[in-house]
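The primary structure of each chain is shown beneath.
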Amino acid sequence: MSALRFVASTLCIFFTVVVSGRRVRNLESNGILTAIEEFTNEALLPRFAEPIPNVTVTIGRDALLACVVDNLQGFKVAWVRVDTQTILSIHHNVITQNPRISLSYNDHRSWYLHIKNVHEADRGWYMCQVNTDPMRSRQGYLQVVVPPSIVDRETSTDMVVRESANVTLTCKATGYPEPYVMWRREDGKDINYNGENVNVVDGEVLHIIKVSRLHMGAYLCIASNGVPPSISKRVLLRVQFPPMLTIQNQLEGAYLGQDVALDCLTEAYPTSINYWTTERGDMIVSGDKYEAVSTDNGYNKFMMLKIRSVSKSDFGSYKCVAKNSLGETDGVIKLDEIPAPSTTSTSTALSVTSPMSSRKKEYDDDYTLPSLGPPPGKYPPGARSAATTRPPTASPGSGTWFFTWLMCWVILCGGYS
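These numbers were taken from a predicted model, which means no experiment stands behind them.

Enumeration over the complete set of coordinates arrives at 3 aromatic pairs. With 5.1 Å between their ring centres and 35° between their planes, Tyr105 and Trp111 make a pair best called tilted. Here Trp125 and Tyr141 contribute two aromatic rings whose centre-to-centre distance is 5.1 Å and whose plane-to-plane angle is 70°, an arrangement assigned as edge-to-face. Highlighted residues: Trp125 in strand E11 (residues 124–130) and Tyr141 in strand E12 (residues 136–150), separated in sequence by 16 residues. Classification of Tyr141 as partly exposed rests on a relative accessible area of 22%. In this structure, Arg123 packs its charged tip against the face of Tyr176, placed 3.9 Å from the ring centre.

This part is about the pattern of salt bridges. A full pass over the atoms with the stated rule returns 16 salt bridges. Where Lys323 meets Glu328, a salt bridge forms, and the shortest distance between an N and an O atom there is 4.0 Å. Under the relative-accessibility criterion, Glu328 is labelled exposed at 51%. By sharing partners, the salt bridges in this structure join Glu163, Arg213 and Glu267 into a single network.

Before going further, it helps to spend a moment on the side chain of Glu267. Within the secondary structure, Glu267 sits in strand E24 (residues 260–269). On the accessibility criterion, Glu267 (17% relative accessible area) is buried. Those residues in contact with Glu267 that lie beyond four places of it in its chain are Arg213, Phe241, Pro242, Pro243, Met244, Tyr299 and Asn300.

Here we take up the sheet that holds strand E5 (residues 63–70). Taken in spatial order, the 4 strands make up an open sheet running E3-E5-E10-E9, and their pairing is antiparallel. Here the strands that pair on one side only, and so sit at the sheet edges, are strand E3 (47–48) and strand E9 (101–106). Here 6 bridges tie E9 to strand E10 (residues 110–115), and the two strands are oriented antiparallel to one another. The residue bridging Leu103 from the neighbouring strand is Leu113, located in E10.

Should the sulfur atoms of two cysteines be covalently bonded, the bond is a disulfide. Applying the stated criterion across every chain, the model contains 3 disulfides. Covalent S-S linkage joins Cys171 and Cys221, the inter-sulfur distance amounting to 1.7 Å. With the S-S bond torsion at -60°, the cross-link from Cys171 to Cys221 turns out left-handed. Of this pair, Cys171 sits in the loop between strand E14 (167–170) and strand E15 (173–176) while Cys221 sits in strand E21 (residues 217–224); the two residues are 50 residues apart in sequence, bridging distant segments of the chain. The same class applies to Cys171 and to Cys221, which are both buried. Through a disulfide, Cys264 is tied to Cys320; the S-S separation comes to 2.0 Å. Where Cys264 bonds to Cys320 through sulfur, the torsion about that S-S bond is close to -65°, and the disulfide is left-handed. Of this pair, Cys264 sits in strand E24 while Cys320 sits in strand E28 (residues 316–324); the two residues are 56 residues apart in sequence, bridging distant segments of the chain. Cys320 carries the same exposure label as Cys264, and that label is buried. When the cysteines engaged in disulfides are numbered in sequence order, the protein chain pairs them as 1-2, 3-4, 5-6.

Turning our attention to the layout of surface pockets. Its boundaries defined by the atoms lining it, the second largest pocket holds a volume of some 240 Å³. Elements with a contribution of two residues or more to the lining of the second largest pocket: strand E17 (191–193) and E21. For the lining of the second largest pocket, the residue count by class is 5 nonpolar, 3 polar and 5 charged.

Our next topic: the pairing of E5. Buried residues dominate E5, accounting for 7 of its 8 residues. Of the strand pairs in this sheet, E3 and E5 are connected by 2 bridges, and their pairing is antiparallel. Residue pairing across strands places Arg47 opposite Asp70, the latter belonging to E5. Bridging between E5 and E10 involves 6 bridges; their strand directions are antiparallel. Its bridge partner being in E10, Cys67 is matched across the sheet by Trp111.

A word on a nonpolar patch on the surface. A cluster of nonpolar side chains, Ile87, Ile90 and Ile95, forms an exposed patch at the surface whose accessible area comes to about 230 Å². Locating Ile90 in the fold gives a position in strand E7 (residues 86–90).

This part covers unusual backbone geometry. Of the consecutive residues Tyr176 and Pro177, the connecting peptide bond is found in the cis state with omega at 0°. Residue placement: Pro177 occurs in the loop between E15 and strand E16 (180–185). Geometrically, the link from Pro228 to Pro229 is a cis peptide bond, its omega value of 0° lying close to zero. Phi at Asn71 takes a positive value of approximately 60°, unusual for a residue other than glycine. Relative to the helices and strands, Asn71 is located in the loop between E5 and strand E6 (77–81).

How each quantity is defined
- Residues numbered from 1 in each chain as written.
- Predicted model: local features only at pLDDT ≥ 70, side-chain atom pairs only at ≥ 80, totals over all residues.
- Heavy atoms only, no water.
- Phe/Tyr/Trp six-rings, centres within 6.5 Å; stacked < 30°, edge-to-face > 60°.
- Helix = DSSP H or I, 4+ residues; strand = E, 2+ residues; numbered from the N terminus.
- Buried < 20%, exposed > 50% of the residue type's maximum accessible area, 1.4 Å probe, protein only.
- Lys NZ or Arg CZ within 6 Å of the ring centre and 35° of its normal.
- Salt bridge = Lys/Arg side-chain N within 4 Å of Asp/Glu carboxyl O.
- Contact = heavy atoms within 4.5 Å.
- Pairing = 2+ DSSP bridges.
- Disulfide = S-S within 2.5 Å.
- 1 Å grid on protein atoms, 1.4 Å probe; cavity = no way out; pocket = protein on both sides within 12 Å on 5 of 7 lines; lining within 4 Å.
- Points joined across faces, edges and corners; volume = space filled by probe spheres on them.
- Nonpolar A, V, L, I, M, F, W, Y, C, P; charged D, E, K, R; others polar.
- Patch = residues over 30% accessible without salt bridge, like charges linked within 9 Å, V, L, I, M, F, W, Y side chains within 5 Å.
- Areas by Shrake-Rupley, 256 points an atom, 1.4 Å probe, with all protein chains shown as cover.

So, in structure tokens, the structure goes:
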């Protein structure tokens, strides 16, 4: 009998049953039946088949929260907003006055809470309750995300500043999660940011110290937070400065009748008025003689003056002038005369072969006639080329001289034959 009591006591000590989240320990000898009864009742009560999943939805879309209950029997299901303790629905009835909230269910097991056109205020915990005693519940979180938007009233607009001033561009963005904001140039070029060249500047504020004309351009403030779409705003920065002029060739040369072009490069903002003048100060107007051309590229302007068929009166100084509201500048180009390119003419020399030339060849290396000059074909270096640069000229008695020279040559050759 004592052994039986020992076994029963041991079972009472180690037998544990989970009832409504509480553990029953150290049961008395007659507590076993009570535990079994409670366990049986627990199996018959409603239970949640699965957790309520957390839901993330973009603002303006519809949200759906699901609560699945097995063995509901005659118990009822309710939806409650946790943070405000607002009852949204009880069983088949919607209690809240919010027209965006509705209820649906399926097979007395699945209970769905619908929220249309979700607002940011809908973000929070929602509870599905079953009216057991004690009450049973599960909670799910509704996350409402908001794509970024730029607050125009707190964001910089287009700006015009003087060169060397300090500039601050500000961009304020909202959204959930909090947006990441960055600045970059619209044209993709690097930003000279306080002495460093960077492609992107992080943060809502872009502060430039001693702005220069190189900073002029369109800047984009871009806000993103992982919720599409990202958004950007364009801010145009204009930097004012007086005209500056560059001349690559201050001295040009041309010959009479040539067409010539004079070039100037200017920089200015606001855009400058550009023109050419003569050394007398007369403004040059395009026409038959002159053509003044200018091409704009941002704050750069390329000036060119074409002068057709240069004459004596065209030589002298020309001035290119640039003016805007902040100042003016000019540069001088001098046009000088240069010789026209020379042309080279050549003449053809006529050679005459004597019948005696073959015989002469045998002796002309040993004998010369000083009074008659060197034999044909034995001119000193350069003598023939000098003779052929001009056509032969006839002089009085040249025929008699040739005949005398030929007779002497025949007699000389005949005496040695």
